[in-house]
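Residue-level listing of the chains:
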Amino acid sequence: MKYSRTLLKNFYKTMLRIRLCEERFVHPIINGEIKCPVHLYSGQEAVAAGVCAALRATDYVFGNHRSHGHFLAKGGSLKKLVAEVYCRETGCSRGRGGSMHLIDVNKGMLGSTPIVAGTISLALGASLASKIRKDRRVTVSFFGDGAAGEGVMYESLNFAALNKLPIIFVCENNLYSTHMSLRECRTKNNIYRIGGYFGVRSYRSDGNDVLKVYERVNRAVKLCRSGNGPVFIEFMTYRMRGHVGPNDNIHGLHTDIRPKKEIAEWRKKDPIRKFSKYLAEEGVLSEKDLESIKEKVNKEIAGAFLFAKRSPFPKKEELGRYVFRE
Amino acid sequence: MSSGNRILQYSLAINEALHQIMAADKSVFLIGQGVKSPWYVGNTTGGLLKKYGASRIIDTPVSENAVTGTAVGAAIAGMRSVVVHPRIDFMVYAFDPVINEAANYHYMFGGRVCVPVVIWGIVNRGGEQAAQHSQSLHALFAHIPGLKVVMPSTPYDAKGLMIAAIKDNNPVLFIDDRWLYGIKGNVPRDMYTVPIGRAVIRKKGRDVTLISVSYMAEVSRQAALMLVKQGISVELIDLRTVKPLDKEMVLRSLKKTGRLIIADGGWKTCGMAAEISASISEEGFRYLKVPIKRITLPDIPAPASSVLEKAYYPSIGDIVSAAKKMMQKSA
């Protein structure tokens, strides 16, 4: 076998933590306990898990509106994530950001923001900082297929190529930009080709196969670290939940505009189901092992939700705090 | 180095600030269009490329959005970035990284990370350059929580505020006016800062408080000299920083004079002068002997024809006649 048991187990655990945490948000969103906009990552776990496993703790990532998975995979605290989604003082952004603003500077997660393509240039800057300091860090910019409609992505690809920046542009193509299908956004389904026009090495890969993601990003990281960046990778994937909130296709309130057949097809390609099958077949982990991991993860998540709900809200006297760094 | 008197022109004071802070702090870098061009950004970037190399003096293609975002992102990752826009009009392309990202970042992440970036925009007015090469956009940025806006009018302040802006842990807009680049004044050789948020009284007076910033501070200085000859004593305040506003100094002066003229190189509606007027109405209404007078650009885009330009830009004469009228009213 190519990979160590520990690495394979960690892939599974990382993906499962993301999935089970995301699914735990569904009910509190529907019953109004969680009010901030939440964009669930269910279905795309292999991308976050595969990408972040190829990075060092000191490497940087920037996320977007759908970044719970990026935050957790890069090592962000599950308790702080849930508390932030509940907008509590104990959250990673002290309840000032909510689900769309996740950060853990010590883990290299430098922020997620919901302006589509808005963090691509920030990631560019972090990679430029690494180049100036010669600190050999690599930066990953996570964005979706919708970002290919924003001009700043093109400017950034050009600038990264011109300066040979150590940055990996990770496009998670889940085929939908909010309600709009890719077919309505672009005449061709070929986002990965954009990079080539700017002289950026570009690839397309299966985003639901964690090993393929890991292998592809590992090669990209090596290129970047040796001064041969940037790299653009388009991962084909699918979100199992709606774009945002309970009025999309969260259970029981089906207003999803996506064809039911398409959803069913992609369910068959569920990255976690696919990978657990592989683990069992290869004899890496038994059914019992998988169950025991699941049990531990569920326990951790239950603890995180309890922590979040028992946490204090930010004080209203502190409304004006953090506008400026003193 | 000595701190003795030395006369330097405005643009070279900025150049000296950049040289000194880049020597003192390795995390400082300059990025933007034309930074290695000897003619494009005045002479503010002279010698920097040679001394600090292409890794810290980064010339860029016209990609204002990505380049500004790059400066912001590098600051998030621990650098002290300076991004220059030789024409502030082009900076409108960079509203997203400035307003959505840099301004909000510290707040929306609960103070977990700060963004020490200087966004330097140069105002180029007149010369029949028309609507898209002449705009003064400071009020737009001053509107945004999380941004500081400085606009020096003297070589001394240009150097001190550039250094203060780079040392600040927050996003600071450093906006200067090309018409000031040739102005000469005393500039100490040592590195020093001018505090952000602090105005200065350029000339003491008892009849009218005249406040302005950037190039209008220079116009106001000349107007004040003429007014003295006509028996009107003007207290001249140069704000230096548009945001945060030094309200205390304005109020103290107004308490003494009871009359207030605000001269601004921006537009009238929702402009800097409007903001100051509103603040003074709230907090200093009792000191006002006569209504506040705003001298600004009219709510009209900048024209090309020099005949129209002459009518467009506020002049020394506009300030002089406003002060005289004000004195007559309250005589």
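Residues numbered from 1 in each chain as written. Chains lettered and ligands numbered in written order. Predicted model: local features only at pLDDT ≥ 70, side-chain atom pairs only at ≥ 80, totals over all residues. Heavy atoms only, no water.

*Asks:* Describe the overall build of chain A, listing the residues and the values that go with them.
*Replies:* Along chain A, the regular secondary structure elements total twelve helices and eight strands. Relative to the globule expectation of 20 Å for 326 residues, the C-alpha radius of gyration of chain A, 19 Å, shows essentially globular dimensions. Referenced to the eigenvectors of the C-alpha coordinate spread, the extents of chain A come out at roughly 55 × 50 × 40 Å. Residues counted as buried form 57% of the 326 residues belonging to chain A. Across chain A, the fraction of contacts at a sequence separation of at least 24, relative to all contacts at a separation of at least 6, is 74%. Summed over its atoms, the accessible surface of chain A is roughly 13,900 Å², and 52% of this surface lies on carbon and sulfur atoms. Charge separation in chain A, taken as the distance between the mean sites of 55 positive and 33 negative side-chain charges, equals 4 Å. (Helix = DSSP H or I, 4+ residues; strand = E, 2+ residues; numbered from the N terminus. Rg over C-alpha atoms; globule rule 2.2 N^0.38 Å. Buried < 20%, exposed > 50% of the residue type's maximum accessible area, 1.4 Å probe, protein only. Contact = heavy atoms within 4.5 Å. Areas by Shrake-Rupley, 256 points an atom, 1.4 Å probe, with all protein chains shown as cover. Lys, Arg positive; Asp, Glu negative; His and termini not counted. Charge placed at Lys NZ, Arg CZ, Asp CG, Glu CD.)

*Asks:* Tell me what's going on with the interface of chain B and chain A, and back it up with residues and numbers.
*Replies:* Each side of the interface is counted separately: chain B has 40 residues, and chain A has 41 residues. Buried surface at the junction of chain B and chain A, summed over both partners, amounts to about 3,300 Å²; 64% is from carbon and sulfur atoms. In this structure, the connection of chain B to chain A is made through 17 residue pairs in polar contact (both at pLDDT 80 or more). The set of elements that each furnish at least two residues to the side of chain B that touches chain A consists of strand S2 (28–32), helix H3 (64–76) and helix H4 (95–108) of chain B. No other element matches the ten residues that H3(B) contributes to the side of chain B that touches chain A. When the residues that make up the side of chain B that touches chain A are grouped by side-chain class, the tally is 19 nonpolar, 15 polar and six charged. (Buried area = accessible area lost by both parts, 1.4 Å probe. Polar contact = N/O pair within 3.5 Å; in protein donor to acceptor, adjacent residues only side chain to side chain. Nonpolar A, V, L, I, M, F, W, Y, C, P; charged D, E, K, R; others polar.)

*Asks:* How would you summarise the packing of helix H1 (residues 5–30) of chain A against helix H9 (residues 210–225) of chain A if you had to cite specific residues and measurements?
*Replies:* Residues and elements named next belong to chain A. Running from N to C, H1 and H9 point in directions that differ by 110°, and their axes come no closer than 11 Å. Between H1 and H9, the crossing angle belongs to the class labelled roughly perpendicular. Seen from above, H1 lies across H9 with right-handed handedness. In this structure, H1 contributes Leu7, Leu8, Phe11 and Met15 to the contact, and H9 contributes Val210, Leu211 and Tyr214. Classifying every residue of the contact of H1 with H9 gives seven nonpolar, no polar and no charged. (Axes fitted to C-alpha atoms, helices over the stretch in contact; angles between N-to-C directions. Parallel < 35°, antiparallel > 145°, perpendicular 65-115°, else oblique. Left-handed = near helix turned anticlockwise from the far one by under 90°.)

*Asks:* Go over the pattern of salt bridges, please, and point to the residues and values.
*Replies:* Under the defined criterion, the tally for this structure stands at 28 salt bridges over all chains. Put simply, Glu16(B) and Arg6(B) hold a salt bridge, and the shortest N to O gap is 2.7 Å. Of this pair, Glu16(B) sits in helix H1 (residues 10–24) while Arg6(B) sits in the segment before strand S1 (7–9), placing them ten residues apart in sequence. Accessibility classification places Glu16(B) together with Arg6(B) in one group, the buried group. Residues Lys159(B) and Glu16(B) are paired through a salt bridge, measuring 2.7 Å at the closest nitrogen-oxygen approach. Of the two residues, Lys159(B) sits in helix H6 (residues 155–167) while Glu16(B) sits in helix H1, which places them 143 residues apart along the sequence. According to the relative accessible area criterion, Lys159(B) is buried, its value standing at 0%. Beyond isolated ion pairs, a larger network of salt bridges with shared partners links Glu89(A), Arg96(A), Glu318(A) and Arg321(A). (Salt bridge = Lys/Arg side-chain N within 4 Å of Asp/Glu carboxyl O.)

*Asks:* Talk me through the sheet that holds strand S9 (residues 200–203) of chain B; I want residue IDs and the actual numbers.
*Replies:* All names here are of chain B. Sheet architecture is open: five strands sit in the order S9-S11-S10-S13-S14, paired in mixed fashion. On the outer flanks of this sheet lie S9 and strand S14 (293–297), each paired with one strand and no other. Going across the sheet, the axis of each strand differs from the next one's by a mean of 25°, ignoring polarity. Sheet analysis places strand S10 (residues 208–212) next to strand S11 (residues 234–238), joined by five bridges and oriented parallel. Pairing of threonine 209 across the sheet is with glutamate 235, part of S11. Each of S10, strand S13 (260–267) and S14 is contacted by helix H9 (residues 272–283), which is oriented at about 150° to S13, the strand it contacts most. (Pairing = 2+ DSSP bridges.)

*Asks:* Give me the environment of Phe62(A): which residues, what numbers.
*Replies:* Here Phe62(A) lies in strand S1 (residues 60–63). Taking the C-alpha atoms as reference points, Phe62(A) and Asn208(A), separated by 146 residues in sequence, lie 21 Å from one another. Every residue in contact with Phe62(A), bar those within four places of it in the chain, is listed here: Leu110(A), Gly111(A), Thr119(A), Leu122(A), Ala123(A), Ala126(A), Thr139(A), Val140(A), Ser141(A), Phe142(A), Ile76(B) and Tyr105(B).

*Asks:* Tell me about the domain arrangement of chain B, residues and numbers included.
*Replies:* All names here are of chain B. Along its sequence, chain B is organised into domain 1 (5–188) and domain 2 (200–329). Here domain 1 and domain 2 have C-alpha centroids that lie 26 Å from each other. The interface of domain 1 with domain 2 comprises 31 residues on the first partner and 27 residues on the second. Where domain 1 abuts domain 2, roughly 2,100 Å² becomes buried across the two surfaces, and 58% of that area is made up of carbon and sulfur atoms. Joining domain 1 to domain 2, the criterion identifies two salt bridges. (Domains from an automatic or database assignment.)

*Asks:* How would you summarise the environment of Val250(B) if you had to cite specific residues and measurements?
*Replies:* Residues and elements named next belong to chain B. By the element assignment, valine 250 lies in helix H8 (residues 247–257). Of the residues examined, valine 250 reaches a relative accessible area of 2% and is grouped as buried. Spatially, the C-alpha atom of valine 250 lies 39 Å from that of isoleucine 57, the residues being 193 residues apart in sequence. Contacts of valine 250, omitting those with residues within four sequence positions, involve Ile211, Ile237, Leu239, Leu260 and Ile280.

*Asks:* Break down the confidence of the model for chain B for me, with residues and values.
*Replies:* Low-pLDDT stretches of the model should not have their predicted coordinates read in fine detail. Per-residue pLDDT for chain B averages 96, and the proportion of residues at 70 or more is 98%. At the level of chain-chain contacts, confidence expressed as ipTM amounts to 0.96, with global pTM at 0.97. (pLDDT = per-residue confidence, 0-100.)

*Asks:* Explain helix H2 (residues 45–53) of chain A to me, and be specific about the residues and the numbers.
*Replies:* When you tally the buried positions in H2(A), you get eight out of nine residues, the bulk of the element. Taken as a whole, H2(A) has its buried residues at Glu45(A), Ala46(A), Val47(A), Ala48(A), Ala49(A), Gly50(A), Val51(A) and Cys52(A).

*Asks:* Give me the packing of aromatic side chains: which residues, what numbers.
*Replies:* Overall, the coordinates contain 19 aromatic pairs over all chains when judged by the stated rule. Pairing Tyr176(A) with Tyr238(A) gives two aromatic rings, centres 6.4 Å apart and planes at 75°, and the pair type is edge-to-face. With Tyr176(A) in strand S5 (residues 176–177) and Tyr238(A) in the loop between strand S8 (231–236) and helix H10 (260–268), this pair connects stretches of sequence that are 62 residues apart. Owing to a relative accessible area of 6%, Tyr176(A) belongs among the buried residues under this scheme. Taken together, a centroid distance of 5.0 Å and an interplanar angle of 80° make the contact between Tyr312(B) and Tyr313(B) edge-to-face. A relative accessible area of 10% means that Tyr313(B) is categorised as buried. Through successive ring pairs, a cluster of aromatic residues spans Tyr3(A), Phe11(A), Tyr214(A), Phe275(A) and Tyr278(A). Its guanidinium or amino end placed over the ring of Phe307(A), Lys79(A) lies 4.7 Å from that ring's centre, counting from NZ or CZ. (Phe/Tyr/Trp six-rings, centres within 6.5 Å; stacked < 30°, edge-to-face > 60°. Lys NZ or Arg CZ within 6 Å of the ring centre and 35° of its normal.)

*Asks:* Break down the nonpolar core for me, citing the residues and quoting the values.
*Replies:* Looking at soluble globular proteins, one finds that nonpolar side chains tend to be buried together. Core analysis: the largest hydrophobic core is formed by 90 residues, its most contacted members being Phe169(A), Phe232(A), Ile31(B), Ile76(B), Tyr105(B), Val117(B) and Leu173(B). If you tally residues by element for this core, the top one is helix H5 (residues 120–133) of chain A, at eight residues. Mapped onto the domain boundaries, this core takes at least three residues apiece from domain 1 (5–188) and domain 2 (200–329) of chain B. When near neighbours in sequence (up to four residues on either side) are disregarded, Val117(B) contacts Ala71(B), Val72(B), Ala75(B), Ser81(B), Val83(B), Ala102(B), Asn170(B), Pro171(B) and Val172(B). Residues Tyr41(A), Val85(A), Ala220(A) and Val297(A) belong to the second largest nonpolar core, which totals 66 residues. (Core = buried A, V, L, I, M, F, W, Y, C linked by side-chain atoms within 4.5 Å.)

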